[in-house]
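Structural features, examined
Now for the letters of each chain:
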Amino acid sequence: SVRGTEFLDLLKERASTRNMDNLTIGPTLTVTSEHIQEHTSKLLKIPGAKLLFGGEPVPGSENVPKKYGCMQPTAVFVPLDQILDEKNFDLVTTEIFGPFQVVTFFNDAEEDRVTTLFNQLSHHLTAAVVSNDPVFLNRILGNTVNGTTYAGLRARTTGAPQVNTVVFFFFFFFFFFFFFFFF
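On a predicted model such as this, the values are computed, not experimentally measured, just so you know.

Cut-offs applied
Residues numbered from 1 in each chain as written. Predicted model: local features only at pLDDT ≥ 70, side-chain atom pairs only at ≥ 80, totals over all residues. Heavy atoms only, no water. Helix = DSSP H or I, 4+ residues; strand = E, 2+ residues; numbered from the N terminus. Buried < 20%, exposed > 50% of the residue type's maximum accessible area, 1.4 Å probe, protein only. Contact = heavy atoms within 4.5 Å. Arc of directions from axis to C-beta. Polar contact = N/O pair within 3.5 Å; in protein donor to acceptor, adjacent residues only side chain to side chain. Phe/Tyr/Trp six-rings, centres within 6.5 Å; stacked < 30°, edge-to-face > 60°. Salt bridge = Lys/Arg side-chain N within 4 Å of Asp/Glu carboxyl O. Core = buried A, V, L, I, M, F, W, Y, C linked by side-chain atoms within 4.5 Å.

Helix and strand content of the protein chain: six helices and seven strands. Along the protein chain, helices (α) and strands (β) appear in the sequence α-α-β-β-α-α-β-α-β-α-β-β-β when read from the amino end. Residues counted as buried form 46% of the 183 residues belonging to the protein chain. Considering only intrachain contacts with a sequence separation of at least 6, the fraction spanning at least 24 residues in the protein chain is 71%.

Let us look at helix H6 (residues 134-142). Residues of H6 that are buried: Phe-136, Leu-137 and Ile-140. What you see down the axis of H6 is that its buried residues fit within an arc of 100°, all on one side. Seen from the open side of H6, the exposed residues pointing more than 90 degrees away from its buried face are Pro-134, Val-135, Asn-138 and Gly-142. The N-capping residue of H6, defined by a side-chain oxygen 3.0 Å from the backbone nitrogen of Val-135, is Asp-133.

Aromatic rings in a pair are described by how distant their centres are and how their planes are angled relative to each other. For the structure on display, the rule yields one aromatic pair. On the numbers, 5.6 Å between centres and 40° between planes, the contact of Phe-77 with Phe-105 is tilted. Taken together, the positions of Phe-77 in strand S2 (residues 74-77) and Phe-105 in strand S3 (residues 100-105) put the pair 28 residues apart, joining distant regions of the chain. Classification of Phe-77 as buried rests on a relative accessible area of 14%.

Moving on: unusual backbone geometry. A positive phi angle, near 60°, is found at Leu-23, a position not held by glycine. Looking at where Leu-23 falls in the secondary structure, it is placed in the loop between helix H1 (4-15) and helix H2 (33-44). Of the residues examined, Leu-23 reaches a relative accessible area of 73% and is grouped as exposed.

To continue, consider the pattern of salt bridges. Throughout the structure, instances matching the rule amount to four salt bridges. Put simply, Glu-110 and Arg-113 hold a salt bridge, and the shortest N to O gap is 3.6 Å. Residue classification places Arg-113 among the partly exposed residues on the basis of a relative accessible area of 31%. Across the pair Glu-111 and Arg-139 runs a salt bridge whose closest N-O atoms are separated by 2.4 Å. With Glu-111 in helix H5 (residues 111-120) and Arg-139 in helix H6, the pair connects residues that are 28 residues apart, well separated along the chain. Looking at Arg-139, the relative accessible area reads 34%, which means it is partly exposed. Among the charged side chains, a network of salt bridges with common partners joins Asp-81, Glu-110 and Arg-113.

The biggest cluster of nonpolar side chains holds 20 residues, and the ones touching the most others in it are Leu-43, Val-78, Val-92, Phe-100 and Val-102. Put simply, the parts of the chain that give this core at least two residues each are H2, helix H3 (80-84), helix H4 (86-92), S3 and H5. Sorting elements by how many residues they give to this core places H5 first, with three residues. One finds Phe-7, Leu-11, Phe-77 and Val-103 within the second-largest nonpolar core, a separate group that totals ten residues.

Bringing the side chain of Thr-104 into the picture now. Structurally, Thr-104 is set in strand S3. For Thr-104, a relative accessible area of 1% gives the class buried. Among the polar contacts listed, one links the side chain of Thr-104 to the backbone oxygen of Val-78, at a separation of 2.8 Å. Separated by 3.0 Å, the side chain of Thr-104 and the backbone nitrogen of Leu-80 make a polar contact.

Set out below in structure tokens:
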């Protein structure tokens, strides 16, 4: 199975294929590039946070009006302890309606902390749990509150075209992504 940094490398590689020429990325109508960059900058001030990839406008997007956004797929790592810190929680869980995700790692001993995090979210709209471990799937699904939930190896979400969904374990509400991995 794919784990930790190997998955992040695959995610970054897949994200790097998005471009305006093949129409796998384009302008966002609900959030500006400036707003995504400001949000990214705020997240990067959290202790231990780091930019995994993206964070820049899409090459070739110079003609996109400033009232729209056109950012590269962006991932920011934030340590689980920092996400759960109440002074960071609202910032980390702010919905960004664009190609943006927050990534963290957890191990088996921290699983309860992760399900607590999921259940503290203000919106429980759509979730997907992608795993080949039925015990893990049932444990997560049985301990979280969600609207529409997709589960299994090929779980998809309603928020993005299927060609844009690359996940190992993927929890999603609208267009804001949290990625949690075992290492």
